[in-house]
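Here is how the chains run, residue by residue.
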Amino acid sequence: MEGKVYKRYVQGRAKKSPIIKDTVNAFLIGGTICTVGEGLRQMYTAIGLTEENVGTMTSATLIFITALLTGLGVFDSIAKRAGGGTLVPITGFANAVTAAAIDNKSEGFILGVGGQIFRIAGPVIIFGISSGVLYGVIYWILKMF
């Protein structure tokens, strides 16, 4: 009974989220990030890099830009407005790693930065690899039939 009363109290006090505005912002800003990535890909292709190197350079450039903007405190402002739109995998990952490194630099390079850098991104890596392995095993089993 108390749980229902508390839940009603919280719902009455909670700020309502402007879902349409949030969705449009996530779409526009996430789309802009993807458009920048495609522009980089086109630029690297135009200067004559191989397809493999184009992908590597595009990813590295997006990581660098995100890390720089995170270090300058700009990425957080973008993320507040974009919400899930900044979680485009490579930029979201770069932000998570960079932010953890910045937050823990006062504790030293080894125990601070080195020990905490994958605090947020670590589970993403673990679940990503585990999902890939599981998918590979299922695919391998299905190919046998």
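Heads up: the structure comes first, above all this text.
Residues numbered from 1 in each chain as written. Predicted model: local features only at pLDDT ≥ 70, side-chain atom pairs only at ≥ 80, totals over all residues. Heavy atoms only, no water.

## Some thoughts on the pattern of salt bridges
Scanning all chains against the criterion turns up 2 salt bridges. Measuring nitrogen to oxygen at the nearest pair gives 3.1 Å for the salt bridge that ties E38 to R41. Note that E38 and R41 are positioned in helix α2 (residues 19–46) at a spacing of 3 residues, about one turn of the helix. A residue is classified by how much of its surface remains accessible, and E38, at 35% relative accessible area, is partly exposed. Taking the shortest distance from any N to any O, the salt bridge between R41 and E51 comes out at 3.8 Å. Of the two residues, R41 sits in helix α2 while E51 sits in helix α3 (residues 51–71), which places them 10 residues apart along the sequence. With relative accessibility at 30%, the residue R41 sits in the partly exposed group. Among the residues examined, E51 registers a relative accessible area of 54% and is labelled exposed. Each of E38, R41 and E51 takes part in a single network of salt bridges with overlapping partners. (Salt bridge = Lys/Arg side-chain N within 4 Å of Asp/Glu carboxyl O. Helix = DSSP H or I, 4+ residues; strand = E, 2+ residues; numbered from the N terminus. Buried < 20%, exposed > 50% of the residue type's maximum accessible area, 1.4 Å probe, protein only.)

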